[in-house]
Every structure is written in structure tokens, then in C-alpha cells.
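# Examining the three-dimensional arrangement
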Amino acid sequence: MKIYNTMTRRKEDFIPLENGKVRMYVCGPTVYNLIHIGNARPMIIFDTVRRYMEYIGYDVNYVTNFTDVDDKIIKAANEEGVSPEEIAGRYIAECKKDMEALNVKEATKHPLATEEIDGMIAMIGTLIQKGYAYNSNGTVYFRTRKFDEYGKLSKKNIDDLEAGHREIKVSGEENKEDPLDFVLWKPKKEGEPYWTSPWSDGRPGWHIECSVMSKKYLGDQIDIHAGGEDLIFPHHENEIAQSEAANGREFAKYWMHNGFLNIDNKKMSKSVGNFFTVRDISEKYDLQVLRFFMLSAHYRSPINFSAELMEAAKNGLDRILTAVENLNHLSENAVTEELTGEESENVCKINTLVEKYKAAMEDDFNTADAVSVIFELVKLANTTAGESSSKAYIGELKKQIVTLSDVLGIIAEKEKEMLDSEIEILIAERQNARKEKNFARADEIREELLERGIILEDTREGVKWKRV
Ligand code: AMP
Ligand code: ZN
């Protein structure tokens, strides 16, 4: 499998640190607002990378954070007259709802910056001890020039950076040894959240969060570190400096960055008015359509969002869903079980298409080509499956369309809603089980119904149920 590595600016063979395992960290959003459709791009893209890795058999440890302490959160809290915790808590909950609707898998671990402060204080301590950081009146800075390889990811030259910095004087940062040094810890201002540290009551800088959370949940060295391309500099450059200085080894093997999402070929901007939250889109479309739209372009290219392209995504997705629905219908009415000779030949065609899909994904996750392969399968289904097809052939077509869609996080087959009569039968069976003191079976039925979205309530008048 080839991955484009921002560090080397080339596609490289993916070789995991540990056989069969992938350790992956993706920078998450700062939670002061509903997420916008640009934020959804890395979520969808890197979730797809994870799903593909799992499909081919890797065990993926996927960590992504929430930045829940930050100037923007404090500002939003002050504007609303509520606490920063309330703002962060609210928008984490909203973000999780959006992620679920986008079918983004739950991370193995989803740490919050505010719950990892001890680790940050420890890493800052190590950096000071090793001479990579210094305390200046309660603010701790990273000594950028001390890290020889600074600039290796963004390919920036440290002297050019210095020249640029000399003209910009940032107030409150006069005590830096060098304009290039960046903040690891800063003292609180009146009314701000703070934690006690050896240097001051204050809070961490943004970059140190990710170095610490990645180390804690994935170890000193990881396979893949990912995020949007705006994070290459300074965020990821600074993460590398911190982690490699503190841990004494290479931080991440592969650096992946998604391109930006624009609207009507312009940068998305609140002030210009071309700005959509994921929630805005959910009012008009099933969010699967947004996901499908994102996968229609290569993740490293910019993607343009427009009403026409969303309609095209909706039509494309509908074609897949309709094909699966037809296959289900044909399967229910199929009269023969076994493959015929001609069908066996078509199964070979299916297998060739599956290989083509894999080849597209293994070439730096070319999801656009992978989607085209799914359309080829749909075409094969529409032209070769009919009333005289065997159950085995229809089953094979359906299995591949559903599985390959699922690898992209697209649900091609909605579970059918249970009929009221089916629910009543299961409830009666549960009542019987309870009478016979078979509580294990009774619980099993309750769980089964819950999974299908049915909640049971035992009342004095008997069992009541409702759909969630
Ligand atoms: P932020 O909350 O600004 O740190 O953003 C969270 C993630 O969304 C980061 O990986 C950003 O690079 C990414 N991101 C922000 N805006 C866009 C955009 N317009 N297109 C693609 N990715 C974006
Ligand atoms: Zn980060």
C-alpha cells in the first residue's frame, strides 16, 4: 500500500512499526461552535483510511482529540456569559452527533485536552530539563533553534522564518529569547480557566496537547499522524519539535494531510456568508450524501462544494441504494440456489472489480476511483441479475456492493424497520422466558430489540414499547 508522506513529498510503501498494527493520530477540532463542512473533511477522510486498513486486516489504534481549552472557547463563553466548560461540553456533544450521522467510527480513544494537563506539565518539565524549553516569568517557551531539524516537515528554512518574524512584534512575548520560540505554557489572565504548574497558574499552549495525547495513547513513535493541510505549519512542525526533543526519537513515520474544502470556488468564510455547518447540510440531505460527496475527490486535492455537486452526489448514492434494494427483492423471489456456469463467469468479473477497488485504495486512497468501481459493480448487477438469477449470484453481488461501500463508510443497505407484529411476537417470547425464569433469554430479547431501535418499558399494565 502506498501513502503520500508530506515529510518526504513522495508516495511511499506503508510499512507499519509493528506487524499487523497501525497507530494513528488525527488532530481534532477546537470545540467552540458547531463543526463546519471543512472540519468534516479530515474526519471522513481519515475514518475512511482507518476503515480500509481494517478491511485488509490491520488492527488500527485510532486516536483523535478534542481541543477543549483555547482562546476561542474562552471568547465564546464570555460572549454568552457561561463557563468555557459549558461551551466545550455542549459542542463536543454536538460534534459527536454530527460524526455519528456522517458514519465516522468511534475512535479507539477520544481524549480531551483538559483531562491530560498532568501529562503536558510532565513533558514541558522534560523539555526544560533537556534544555529545549525555558521559563520566562511564568511563560514557558520552546527553544526552537535548539531543535536542529526544525522546518523539516513544512520545508521552511529557519533563517527565512526568523527574518519574517523580526518585523512582527507580538505584545506580551517580549521575554522570548528568540522570536521563533513558541509557547508551551502561559499564565492565566483574569477569569480564565487555569491549572497549577511549577511555572505559573495557567494553561498549556495548543501544540503540546497533541504531542502528549499521542504519546500517552499510542507511544513515543506512531505510524500515521494526520490533519488538514493548514496544520503542517506551525502546528505539526511544532509537535515534531516537542515530541522528538522530549522522546529522543522520530515521532511519526507518515504524515498525511487533506486539502481544503472551498465553497463555489472561494475560501469558506463566515463574513462573506459562504459558510455551512454540517448541521445546516443535514436539514436538506442525509449526511451520507455529504460523505459520498467528500469521497468523490482525491483527499489531497482541494474540493469544491456546490449545490450541483451535492445533487450529483445524491443521485450517485441513490443509484447504489436502489441497486441493493433490487438485489434484496430478487433474492427474496429467487427460485434457484446454486450458481450457473454463466454466473460463475460473472463472479470472476466481480472478483476482478474487487481487486481493482483495492488497487485504487492502495494507491494513496484514491476514493474517487474506488467509487467508480462500486458503480461498475452496480452496472453489472443491473445488467446481469434478474428473476432467473440464483440466490448465490445475487448474494455475491450484494455482499460486494455493501462491503465495499461500508469500507468507505457508506451504508448501502438500511436495516428494514421492524413491523409492529414482529415486535409483539418477541415481547410475548420475552414474557414467556421470564415466566420460565429464563432471564438470560429475556435480557437477550431486550438487547436485540434495543439494537433495532425499540425500547421496552415494564409497567404495571404490562410491557410498553417505543421506537427511538
Ligand atoms: P480546527 O478546529 O480549526 O483546528 O480544525 C479541525 C480540522 O479541520 C483540522 O484538521 C483542519 O485542518 C480541518 N479544516 C478546517 N477547515 C477546513 C477546510 N475548509 N477544509 C478542509 N479541512 C479543514
Ligand atoms: Zn494536533
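Bear in mind the structure is a predicted one, so any value in this text is a computation, not a measurement. Just so you know, the residues in each chain are numbered from 1, in the order the chain's sequence is written. Chains carry letters and ligands carry numbers; both start at the beginning, A for chains and 1 for ligands, and go up in the order they are written. Whole-chain, interface and lining totals are the exception, using all residues; otherwise, since this is a predicted model, local features are given only for residues with pLDDT of at least 70 and side-chain atom pairs are given and counted only at 80 or more. Based on all heavy atoms of the structure, the side-chain values leave hydrogens and waters out of the count.

Turning to the pairing of strand S7 (residues 182-187), a few remarks are in order. Pairs of strands are assigned from DSSP output, requiring at least two bridges between the strands. Going along the chain from the N terminus, every DSSP run of H or I of four or more residues is numbered as a helix, and every run of E of two or more is numbered as a strand. Relative to S7, strand S6 (residues 139-142) is paired through three bridges, and the arrangement is antiparallel. What sits directly across from Phe142, in S7, is Phe182. Examined bridge by bridge, S7 and strand S9 (residues 201-204) share three bridges and lie antiparallel to one another. Within S9, the residue paired with Lys186 across the bridge is Arg203.

Let's shift gears to the coordination of the zinc ion (ligand 2). Every protein donor of the zinc ion (ligand 2) is accounted for by Cys27 (SG), Cys210 (SG), His235 (NE2) and Glu239 (OE), and the metal-donor separations fall at 2.0 to 2.5 Å. Coordination at the zinc ion (ligand 2) comes from four donor atoms whose angles at the metal span 73 to 128 degrees, giving a geometry best classed as irregular. Here the donor residues of the zinc ion (ligand 2) are spaced in sequence according to C-x182-C-x24-H-x3-E. Of this pair, Cys210 sits in helix H6 (residues 206-218) while Glu239 is found in helix H7 (residues 232-247), placing the two residues 29 residues apart along the sequence. Glu239 carries the same exposure label as Cys210, and that label is buried. Note that water is not among the atoms used; donors are N, O and S atoms within 2.8 Å of the metal (3.2 Å for Na, K and Ca), so sites may look incomplete. The geometry test gives tetrahedral to four donors whose angles all lie between 85 and 135 degrees, gives square planar to four donors and octahedral to six donors whose opposite members are over 155 degrees apart with all other angles between 65 and 115, and gives irregular to the rest. Exposure is judged per residue with a 1.4 Å probe applied to protein chains only, and the accessible area is read against the type maximum: over 50% gives exposed, under 20% gives buried, and values in between give partly exposed.

This part is about the site of ligand 1. In the vicinity of ligand 1 there are 14 residues, among which Thr30, Gly38, Gly228, Asp230 and Leu261 approach most closely. Here an oxygen atom of ligand 1 and a side-chain polar atom of Asn39 are 3.2 Å apart. Residue-level accessible areas treat just the shown protein chains as cover; the underlying method is Shrake-Rupley with a 1.4 Å probe. Here ligand 1 has 490 Å² of accessible area as a free molecule, and 87% of this is covered by the chains. Using a 1 Å grid laid over the protein atoms alone, points where a 1.4 Å probe fits but cannot get out form a cavity; open sets with protein on both sides within 12 Å along at least 5 of 7 lines form a pocket; any residue with an atom within 4 Å of a point counts as lining. Being in a pocket or cavity means that more than half of the molecule's atoms lie within 2 Å of its grid points. Here ligand 1 occupies the largest pocket. Among the secondary structure elements, those contributing two or more residues to the shell around ligand 1 are helix H1 (37-55) and strand S10 (222-228). When at least one non-hydrogen atom of a residue lies within 4 Å of a molecule or strand, that residue is treated as near it. We call two N or O atoms a polar contact when they sit within 3.5 Å, provided that within protein one can donate a hydrogen and the other can accept it, with sequence-adjacent residues counted only if both atoms are side-chain atoms.

What follows is about the sheet that holds strand S4 (residues 59-64). Spatially, S4-S3-S10-S11 is the arrangement adopted by the four strands of the open sheet, whose pairing is parallel. For this open sheet the edge positions go to S4 and strand S11 (252-258), each flanked by a neighbour on one side alone. Averaged over neighbouring strand pairs, the angle between their axes works out to 20 degrees when direction is ignored. Sheet topology places S10 next to S11; six bridges connect them, and they run parallel. The angle between two axes is taken between their N-to-C directions and runs from 0 to 180 degrees, where each axis is a line fitted to C-alpha atoms and a helix contributes only its stretch in contact.

Among the buried residues, those of types Ala, Val, Leu, Ile, Met, Phe, Trp, Tyr and Cys that are joined through side-chain atoms within 4.5 Å form a nonpolar core. If you look at the biggest cluster of nonpolar residues, it comprises 92 residues, and the most contacted ones within it are Met53, Leu290, Tyr357 and Phe365. Only heavy atoms enter the contact rule, under which two residues are in contact if any of them lie within 4.5 Å. With near-sequence residues (within four places) excluded, Met53 lies in contact with Met1, Ile3, Phe14, Val22, Tyr58, Val60, Ile224 and Phe365.

Looking now at the pattern of salt bridges. Any carboxyl oxygen of Asp or Glu that lies within 4 Å of a side-chain nitrogen of Lys or Arg is treated as forming a salt bridge with it. Scanning the model with the defined rule gives 40 salt bridges in all. The salt bridge involving Asp98 is made with Arg279; its shortest N-O contact spans 2.8 Å. Of the two residues, Asp98 is situated in helix H3 (residues 84-101) and Arg279 in helix H8 (residues 278-284); the sequence distance between them amounts to 181 residues. We classify Arg279 as partly exposed; its relative accessible area is 22%. Via salt bridges that share partners, Asp47, Arg51, Arg291 and Asp406 belong to a single interconnected network.

We now examine the packing of aromatic side chains. Side-chain rings of Phe, Tyr and Trp, where Trp is taken by its six-membered ring, are said to pair if the distance between their centres is within 6.5 Å; with planes under 30 degrees apart they count as stacked, over 60 as edge-to-face, and otherwise as tilted. Summed over the entire model, instances satisfying the criterion amount to 13 aromatic pairs. Centroid distance Tyr134 to Tyr141: 5.7 Å. Interplanar angle 35 degrees. Geometry classified as tilted. A relative accessible area of 8% means that Tyr134 is categorised as buried. Residue Tyr141 is classed as buried on the basis of its relative accessible area, which comes to 2%. With a centroid separation of 5.5 Å and 85 degrees between ring planes, the pair formed by Phe293 and Phe305 is classed as edge-to-face. Pair noted here: Phe293 is in helix H9 (residues 287-295) and Phe305 is in strand S14 (residues 303-305), with a separation of twelve residues, a long-range link. Through successive ring pairs, a cluster of aromatic residues spans Phe14, Tyr58 and Tyr254. When the ring centre of Tyr194 is taken as origin, the NZ or CZ atom of Lys188, which lies over that ring, is 4.0 Å away. Look at NZ for Lys and CZ for Arg. If either is within 6 Å of the ring centre and within 35 degrees of the ring normal, a charge sits over the ring.

This part takes up unusual backbone geometry. The residue after Phe233, namely Pro234, is reached through a cis peptide bond having omega 0 degrees. As for its position among the elements, Pro234 is in helix H7. Despite not being glycine, Lys155 shows a phi value in the positive range, around 60 degrees. For Lys155, the position within the fold is in the loop between S6 and helix H5 (158-167).

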